[in-house]
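Reading the structure
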Amino acid sequence: MKKKIALLVTLPTLIMSLAGCAGGNNASDGGTDTLAEESRQNAAVNYIGGEMNLYTWDGMFPQEILRGFEEETGVRINYSNFDYDEDMLAKLEETQGGDYDFVIADDYILELVIAEGLAQKLDTTRFENYENLNPVFMSQFYDPDNEYTVPYGAGIPLIVYDPALTNVEITSYEDLWNPSLEDNVAITANYRVINGITLKTMGESFNTEDLDVIRQAGEKLLSLAPNIRVINDSNTQDYIVSGEVAAAFLYTSQVYAALNARDDLEVVYPEEGLGFGIMAGFIPSDAPNPDAAYAFIDYINRPENAAACFEYIGYYCTNKAAEEYISDEMKEFIVLPEDAAEGEIVQNISQEAEDLHAEIWNQFRAACD
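Note that the coordinates shown come from a computational prediction; the quantities given were computed from them, not determined experimentally.

**A look at the pairing of strand β3 (residues 102–106)**
Along β3, 4 of the 5 residues are buried, which leaves the element largely enclosed by surrounding structure. One ladder, built from 2 bridges, connects strand β1 (residues 51–56) with β3; its direction is parallel. Paired with Leu 54 across the bridge in β3 is Phe 102.

So, in structure tokens, the structure goes:
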């Protein structure tokens, strides 16, 4: 790698020297000078050099993508990772938007990053592959005009069920309330999401601030308790894979694990609408090498590169052009169907509404015991 980078560093200088010699030996030959100049520019067109400080979670890119970018651009990637979005924000606040060139984080924290002026506006004319991004995952609450961020993967909790264990053809969240599923459903333990899908069955938003509506949803959620056998965040898919439950509401990674273990299970994109969790990248306001960040964003959004990234991380593909490059065996796991319902992200809400959600969840947990 170091040898390849060294060659890239010296090549433009070498071509410039040769061009200068040619001009000196035949000053009247303008064609020779022009060809030399074009050759120099073509050789250097992908060369940027220097370093790019990448900051995100561990294991977000396949090694061949990072290596390919370094070889093509001469940029050395310094990969730093964080465990929690809040740690990233604290670091960015400490450096006042400096130190890092490209950061990928979760939707809710991006709203704070942008509000604090820690991300710079993007010049989308610098991207060749910007149009490849799927608009379904853009124009979200944290960046409604797509001024600061580019999406990089989405998590979509879904229902998985075993047709052999129930007579219900599940197509919606509402079907989880069917009396024939008594003591036969497993769900994750994220109270805003579970309360949220209850709101969705009522035609309401995950993020309503109407306390009366939230209370009504709480009453309906309590009526689901007889059907719940398991509330668990870790390895919830094990209960549907083992046949202990007939239906389960699972996180993206758990859906993948369940379908990978048993191809007779059915996955449901509920007709009331989807819940998204979106990761997106941004360039910090005082990034040391923004040119490298622009090049990297464009590089990972080339369709074939994006496909490799999404197959590697196992999140839903946010690059529309990449879908045709995703392998057939992975398509059902990470490509959003054309007929899938619209999605919504769980957002920050008022403390009063948040407290009410927590109170409802505690009552529901007690009713399920």
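Still more ground to cover, so stick around.
**A few points about the packing of aromatic side chains**
In the structure shown here, the tally under the stated rule is 16 aromatic pairs. Here Trp 57 and Phe 82 contribute two aromatic rings whose centre-to-centre distance is 5.3 Å and whose plane-to-plane angle is 55 degrees, an arrangement assigned as tilted. Taken as a pair, Trp 57 in the loop between β1 and α3 (63–73) and Phe 82 in the loop between β2 (76–81) and α4 (85–94) lie far apart in primary sequence, 25 residues in all. The pair formed by Trp 57 and Phe 82 is uniform in burial state, with each residue classed as buried. Relative to Tyr 130, the ring of Phe 127 has its centre 6.0 Å away and its plane inclined at 10 degrees; by these criteria the two rings are stacked. Accessibility expressed as a relative area gives 9% for Phe 127, which makes it buried. Three or more aromatic residues link up through ring pairs in this structure, and these residues are Phe 61, Phe 69, Phe 102, Tyr 152, Phe 296, Tyr 299 and Phe 310. Sitting over the face of the ring of Tyr 294, Arg 126 holds its NZ or CZ atom 4.0 Å from the ring centroid. Against the face of Trp 177 rests Lys 220, its NZ or CZ located 5.2 Å from the ring centre.

**What about the nonpolar core?**
Counting residues in hydrophobic clusters, the biggest one holds 83 residues, and the most contacted among them are Phe 61, Met 88, Phe 102, Tyr 152 and Phe 296. Ranked by residue count, the leading element in this core is helix α10 (residues 290–300), at 7 residues. Filtering out sequence-adjacent residues up to four positions away, Phe 61 remains in contact with Leu 54, Leu 66, Tyr 79, Ile 104, Tyr 152, Phe 296, Ile 300, Cys 309 and Tyr 312. The next biggest cluster of nonpolar side chains, apart from the first, holds 32 residues, and it includes Ile 197, Leu 211, Leu 221 and Cys 368.

**Thoughts on the pattern of salt bridges**
Evaluated as defined, the whole model comprises 14 salt bridges. Note that Asp 264 and Arg 262 form a salt bridge whose closest N and O atoms lie 2.7 Å from each other. A relative accessible area of 16% places Arg 262 in the buried class. When the shortest N-O distance is used, the salt bridge between Glu 338 and Lys 320 registers 2.7 Å. You can see Glu 338 sitting in the loop between α12 (328–334) and β11 (343–345) and its partner Lys 320 sitting in the loop between α11 (303–313) and α12, a full 18 residues away along the chain. Accessibility expressed as a relative area gives 67% for Glu 338, which makes it exposed. With a relative accessible area of 31%, Lys 320 lands in the partly exposed category.

About the criteria used
Residues numbered from 1 in each chain as written. Predicted model: local features only at pLDDT ≥ 70, side-chain atom pairs only at ≥ 80, totals over all residues. Heavy atoms only, no water. Buried < 20%, exposed > 50% of the residue type's maximum accessible area, 1.4 Å probe, protein only. Helix = DSSP H or I, 4+ residues; strand = E, 2+ residues; numbered from the N terminus. Pairing = 2+ DSSP bridges. Phe/Tyr/Trp six-rings, centres within 6.5 Å; stacked < 30°, edge-to-face > 60°. Lys NZ or Arg CZ within 6 Å of the ring centre and 35° of its normal. Core = buried A, V, L, I, M, F, W, Y, C linked by side-chain atoms within 4.5 Å. Contact = heavy atoms within 4.5 Å. Salt bridge = Lys/Arg side-chain N within 4 Å of Asp/Glu carboxyl O.

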